[in-house]
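# Structural features, examined
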Amino acid sequence: MNQAVITGGNGSLGRAIAAALESPDWKIHAPSSTELDVRDEGRISRFFQQNPADLLVCAAGITRDAPLARLSEQAWDEVFAVNFKGALACARAALPAMIRKKSGHIIFISSFSAIHPPIGQIAYAASKAALLELTEDLARSFGPKNIRVNAILPGFLETKMTAEVTDKRQKKIREDHVLGRFNTPDQVAKFIRHLHHDLPHTSGQHFQLDSRIA
């Protein structure tokens with residue numbers, strides 16, 4: 001039986017991905033941040049020893065938005081610890097089993113902010129941009145081992161993470177979309193399922209899913 005691990009499994013997108021991947025042939029692990037703290041490399045190592053992944057989706061993420069002049073070093077470190085270092089640690093822990101099996105797929109959840117960062121989101125944007133570079137490096141390094149690595153830029157999603165975005169800001173973001181509307185977590189999850197199952201020769205790619213043009 002194949003196994004999928006989705007970090008940040010208690011988030012809106014994590015839950016949607018788990019539901020989209022559900023199948024009799026798959027065992028889905030979607031641990032919450034308390035069940036798998038991606039800042040704790042020891043817990044990560046133990047988790048993946050017990051749950052070797054055929055598919056890893058790194059969806060855990062946080063924001064600490066503030067203008068650079070008011071962004072504390074602690075906030076910067078917290079964002080990078082989860083968004084980048086946590087994803088890197090999970091990939092490192094998942095790779096040995098994938099290498100032994102000569103098959104595997106890692107998907108990083110990045111952001112449109114990585115390529116077009118808004119004012120006041122420097123830490124989040126930088127951490128998500130780092131994931132794009134990590135995607136390409138790992139794809140080149142482990143492609144010969146038959147391991148795929150891709151990145152998804154879901155676009156603005158109406159989730160718990162974005163619940164505090166003001167109506168005025170949401171209106172401006174929507175106006176930046178040439179179609180004038182947002183994706184949903186379910187639609188993004190269906191694309192991830194399609195990428196994994198139907199595009200077996202695709203790796204090292206960044207998929208922007210909304211209708212903004214950078």
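Residues numbered from 1 in each chain as written. Predicted model: local features only at pLDDT ≥ 70, side-chain atom pairs only at ≥ 80, totals over all residues. Heavy atoms only, no water.

### Considerations on the packing of helix H1 (residues 12-21) against helix H6 (residues 185-198)
What counts, and what does not: What counts as an axis is a line fitted to C-alpha atoms, over the stretch in contact for a helix, and the angles between N-to-C directions run from 0 to 180 degrees. Every helix listed is a DSSP run of H or I at least four residues long, and every strand listed is a run of E at least two residues long, numbered separately from the N terminus. Note that the term roughly parallel is reserved for angles under 35 degrees, roughly antiparallel for angles over 145, roughly perpendicular for angles of 65 to 115, and oblique for everything else. Each crossing gets its handedness from the near helix: less than a right angle anticlockwise from the far helix is left-handed, clockwise is right-handed. The contact rule is simple, with two residues in contact once any of their heavy atoms fall within 4.5 Å. Here the term charged refers only to Asp, Glu, Lys and Arg, the term nonpolar to Ala, Val, Leu, Ile, Met, Phe, Trp, Tyr, Cys and Pro, and the term polar to all other amino acids, Gly among them.
One way to put it is that H1 packs onto H6 with a least axis distance of 8 Å and a crossing angle of 45 degrees. Between H1 and H6, the interaxial angle falls into the category oblique. Handedness of the crossing formed by H1 with H6: right-handed. Along the contact surface, H1 presents Ser-12, Leu-13, Ala-16, Ile-17, Ala-20 and Leu-21, while H6 presents Pro-185, Asp-186, Val-188, Ala-189, Lys-190, Ile-192, Arg-193 and His-197. Residues that form the contact of H1 with H6 fall into these classes: 9 nonpolar, 2 polar and 3 charged.

### Some words on the sheet that holds strand E2 (residues 26-29)
In plain terms, the rule: Only when DSSP finds a minimum of two bridges between them are two strands counted as paired.
One open sheet accounts for 6 strands, arranged E2-E1-E3-E4-E5-E6; its pairing is parallel. Of all strands in the sheet, those with a lone pairing partner are E2 and strand E6 (206-208), marking the two edges. Neighbouring strand axes in the sheet, compared pairwise and without regard to direction, differ in orientation by 15 degrees on average. Direction of pairing for strand E1 (residues 2-7) relative to E2: parallel, over a ladder of 4 bridges. Within E2, the position partnered with Asn-2 by the bridge is Trp-26.

### Describing the environment of Phe-182
Looking at where Phe-182 falls in the secondary structure, it is placed in the loop between helix H5 (167-176) and H6. Sequence-wise, Phe-182 and Glu-35 are 147 residues apart; in three dimensions their C-alpha atoms are separated by 30 Å. With residues up to four places along the chain from it excluded, the contact list for Phe-182 reads Phe-156, Glu-158, Gln-170, Ile-173, Arg-174, His-177 and Gln-187.

### Re the packing of aromatic side chains
Counted only if it meets this: Each Phe, Tyr or Trp ring, with Trp reduced to its six-membered ring, pairs with another whose centre is within 6.5 Å; inter-plane angles below 30 degrees give stacked pairs, above 60 give edge-to-face pairs, and intermediate values give tilted ones. Note on exposure labels: buried denotes an accessible area under 20% of the residue type's maximum, exposed denotes more than 50%, and partly exposed covers the range between, all computed with a 1.4 Å probe on protein chains only.
All told, the structure shown has 5 aromatic pairs when counted by the stated rule. Ring geometry for Phe-80 against Phe-84: centres 6.5 Å apart, planes inclined by 65 degrees, an arrangement best described as edge-to-face. One end of the pair, Phe-80, and the other, Phe-84, are both in helix H3 (residues 73-101), 4 residues apart, so they sit about a helical turn from each other. On the basis of relative accessibility, which here comes to 17%, the residue Phe-80 falls in the buried class. Chaining the aromatic ring pairs together yields one cluster made of Trp-76, Phe-80 and Phe-84.

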